[in-house]
Amino acid sequence: MIKNYNIILASNSPRRRELLAGLDIDFEVRVLQGIDESYPKELPTRDIAAYISRKKADAYRNTITDQELVITADTIVVLGDEVLGKPKDEVDACRMLRELSGHTHHVITGVTLTTRNRQQSFSVQSDVTFKELSDDEIEYYVKKYQPLDKAGAYGIQEWIGYIGVTGLSGSYFNVMGLPVQRIYEALRTF
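The structure presented is a predicted model; accordingly, all values stated were derived computationally and were not measured. (Residues numbered from 1 in each chain as written. Predicted model: local features only at pLDDT ≥ 70, side-chain atom pairs only at ≥ 80, totals over all residues. Heavy atoms only, no water.)

Caption draft 1: Layout of the overall build of the protein. Looking only at helices and strands, the protein has seven helices and seven strands in total. Of the regular secondary structure in the protein, the N- to C-terminal order runs β-α-β-α-β-β-α-β-β-α-α-β-α-α. Here the C-alpha radius of gyration of the protein, 17 Å, is about what a compact globule of 190 residues would show, namely 16 Å. Projecting the C-alpha coordinates of the protein onto the three principal axes gives extents of approximately 50 × 35 × 25 Å. Counting across all 190 residues of the protein, residues that qualify as buried make up 45%. Of the contacts formed within the protein by residues at least 6 apart in sequence, a portion of 67% connects residues at least 24 apart. Looking at the protein as shown, the accessible area adds up to about 9400 Å², and 46% of this sits on carbon and sulfur atoms. Counting 23 positive and 27 negative side-chain charges, the protein places the averaged centre of each group 5 Å from the other. (Helix = DSSP H or I, 4+ residues; strand = E, 2+ residues; numbered from the N terminus. Rg over C-alpha atoms; globule rule 2.2 N^0.38 Å. Buried < 20%, exposed > 50% of the residue type's maximum accessible area, 1.4 Å probe, protein only. Contact = heavy atoms within 4.5 Å. Areas by Shrake-Rupley, 256 points an atom, 1.4 Å probe, with all protein chains shown as cover. Lys, Arg positive; Asp, Glu negative; His and termini not counted. Charge placed at Lys NZ, Arg CZ, Asp CG, Glu CD.)

Caption draft 2: Representation of the environment of R30. The residue R30 is located in the loop between β2 (27-29) and α2 (45-60) in this model. Separated by 41 residues in sequence, R30 and I71 place their C-alpha atoms 10 Å apart. A distance of 3.3 Å separates polar atoms of two side chains, one belonging to R30 and the other to E28. (Polar contact = N/O pair within 3.5 Å; in protein donor to acceptor, adjacent residues only side chain to side chain.)

Caption draft 3: Highlighting the packing of helix α3 (residues 90-100) against helix α4 (residues 135-145). Packing of α3 against α4 brings their axes to within 10 Å, and their N-to-C directions diverge by 135°. The angle between α3 and α4 falls in the class oblique. Crossing geometry of α3 relative to α4 is assigned as right-handed. The residues of α4 that touch α3, namely those facing E90, A93, C94, L97 and R98, are D135, I138, E139, Y141, V142 and K143. A class-by-class count of the residues in the contact of α3 with α4 yields six nonpolar, no polar and five charged. (Axes fitted to C-alpha atoms, helices over the stretch in contact; angles between N-to-C directions. Parallel < 35°, antiparallel > 145°, perpendicular 65-115°, else oblique. Left-handed = near helix turned anticlockwise from the far one by under 90°. Nonpolar A, V, L, I, M, F, W, Y, C, P; charged D, E, K, R; others polar.)

Caption draft 4: Molecular detail of the packing of aromatic side chains. In total, this model carries four aromatic pairs according to the counting rule given. Aromatic pair Y172 and F173: ring centres 5.7 Å apart, planes at 80°, arrangement edge-to-face. The class for Y172 is partly exposed, based on a relative accessible area of 32%. F173 gets classed as partly exposed once you look at its relative accessible area, which sits at 40%. (Phe/Tyr/Trp six-rings, centres within 6.5 Å; stacked < 30°, edge-to-face > 60°.)

In structure tokens:
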């Protein structure tokens, strides 16, 4: 099936490029600017990431040929009822990490596969537990790694993940931003 389409990854994320490349599929990266990533406030948190990934996919639908398949994704971090997106600045990043410290949170990635004639969306959830992080650890990480482009203000594959994550239930790669195992299965059956 994969050979029937030219695969397009619609993401600027170097992590998503690295993860998709790990599936040994040829793909190109194509990014449209200015896609609205808002969602209805009454939308259940479990549906937000898939909703946004579909909005991203819909922006591409009229730009692709019959031989192209676009993969869009969106990742959110959920602590209790609060959705933690990308931090606005270093102060916001420190706030988010203080909230995550000592707790278990959910990382939900929504993925949409889109051709001109078909669309399939799904979400994958992983649960991540952090130890109690000290202010020094949080400030060091934020200053050195600048996690302003990451939902929840952290990358599990970076220093904070090495020293802070005490538990993980679900896909590690999902926490990095792309549930590649699930994408592989979806591409096989698409």
